[in-house]
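Inside the fold
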Amino acid sequence: MLPKITVVTPSYNQAKYLDETLRSVLSQRDQIHEYFVLDGGSTDGSADIVRKYADKIDWWVSEKDKGQSDALCKGFARATGDVLYWLNSDDLLLPGAIARAREAFAHHPDWDVLTGYHLRIDSDSRITFYYQSPPESPWRFRNGFRRVCQQTCFFKRELYQRVGGMNPAYHCVLDFELWCKMVRDGATWGHLPEYLGAFRWYDEAKTSSPAYTAKWIAEHESVAREFPELHRPGLRSALAVNYCRLAEIVAGRRLRGYLDTRKWRGHPIADAFPNIFSPAALLPASARGASQ
């Protein structure tokens, strides 16, 4: 039986990208059990964009919150799906990702978490790089080779609840701290060798903006203190990281990612993924299908 997936999008003052984000999700609406959008009281017209698709969104709100992690905590607390996933309001879900994730969990009931390949796009939705990240494993994680891309990460709701959910105190490393909890809990990590999500990298993004550097450092140090067994600096870790990098090269993932990048770099993402903003997003709510 295919599991039901709940998708949550936290949003705050990213109207420039929000419409594309919503359409990339809604183009797969027939595979989604429920979709929530939590806007933190944006002042840039974001609420108007969400309102355009309100009949295709199960629940949305635009009100002041305590940040991204707070919004996600609220959304996941309301979720009833078997599997949880979130997509930030400047990133994109690639065509077929939800269906593939559902099928993978159905075929591998022992999997608690699933990750896949991703690509990076710029502020104009043009492709900059493809990444064929390797499967995640507790051993890799403990030795410093961590390649979990949030935009490709699906996880069971039962696991999320068991590890205590997301810590709303974190604003930069909220996902990393959650992965650490899952590794400590002994979660089984699965992997799909397919492109599932697109991560937008631009100057104003929290991930790349110098304005957040100090906060990133402070929060990473806090997580290191919270999970000392997952942070082992030194020769052993350095050797393990280099071993994992060599394994990537031998497996051909780096070469394949490079070739994909060479082919599509500079192109609009819709050139490489023509159905990413499918007209299916415009279907009325009554047209929803498979997972309802």
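Residues numbered from 1 in each chain as written. Predicted model: local features only at pLDDT ≥ 70, side-chain atom pairs only at ≥ 80, totals over all residues. Heavy atoms only, no water.

On to the state of the cysteines, then. Working definition of a disulfide: a covalent bond connecting the sulfur atoms of two cysteines. According to the stated counting rule, one finds zero disulfides in the structure shown. Cysteine Cys153 remains unbridged, with the sulfur of Cys149 as its closest cysteine sulfur at 8.8 Å. As a non-bridged cysteine, Cys244 has Cys180 as the owner of its nearest cysteine sulfur, 16 Å distant. By relative accessible area, which is 1% here, Cys244 ends up buried. (Disulfide = S-S within 2.5 Å. Buried < 20%, exposed > 50% of the residue type's maximum accessible area, 1.4 Å probe, protein only.)

Core analysis: the biggest nonpolar cluster contains 35 residues, and Phe76, Trp86, Phe155, Met166, Leu178, Trp179 and Met182 have the highest contact counts within it. Looking at this core, the elements that each hand over two or more residues are strand S2 (34–39), helix H3 (68–78), strand S4 (83–86), helix H6 (157–162) and helix H7 (174–185). If one sorts the elements of this core by residue count, H7 sits on top with seven residues. Ignoring any residue separated from it by four or fewer positions in sequence, one finds Leu178 in contact with Trp86, Phe155, Tyr160, Val163, Gly165 and Met166. In terms of nonpolar packing, the next biggest core, distinct from the first, is built from 28 residues, Ile5, Val25, Leu26 and Tyr85 among them. (Core = buried A, V, L, I, M, F, W, Y, C linked by side-chain atoms within 4.5 Å. Helix = DSSP H or I, 4+ residues; strand = E, 2+ residues; numbered from the N terminus. Contact = heavy atoms within 4.5 Å.)

Turning our attention to the environment of Met1. Tracing the backbone shows Met1 in the segment before strand S1 (5–11). The exposed category is assigned to Met1, whose relative accessible area is 93%.

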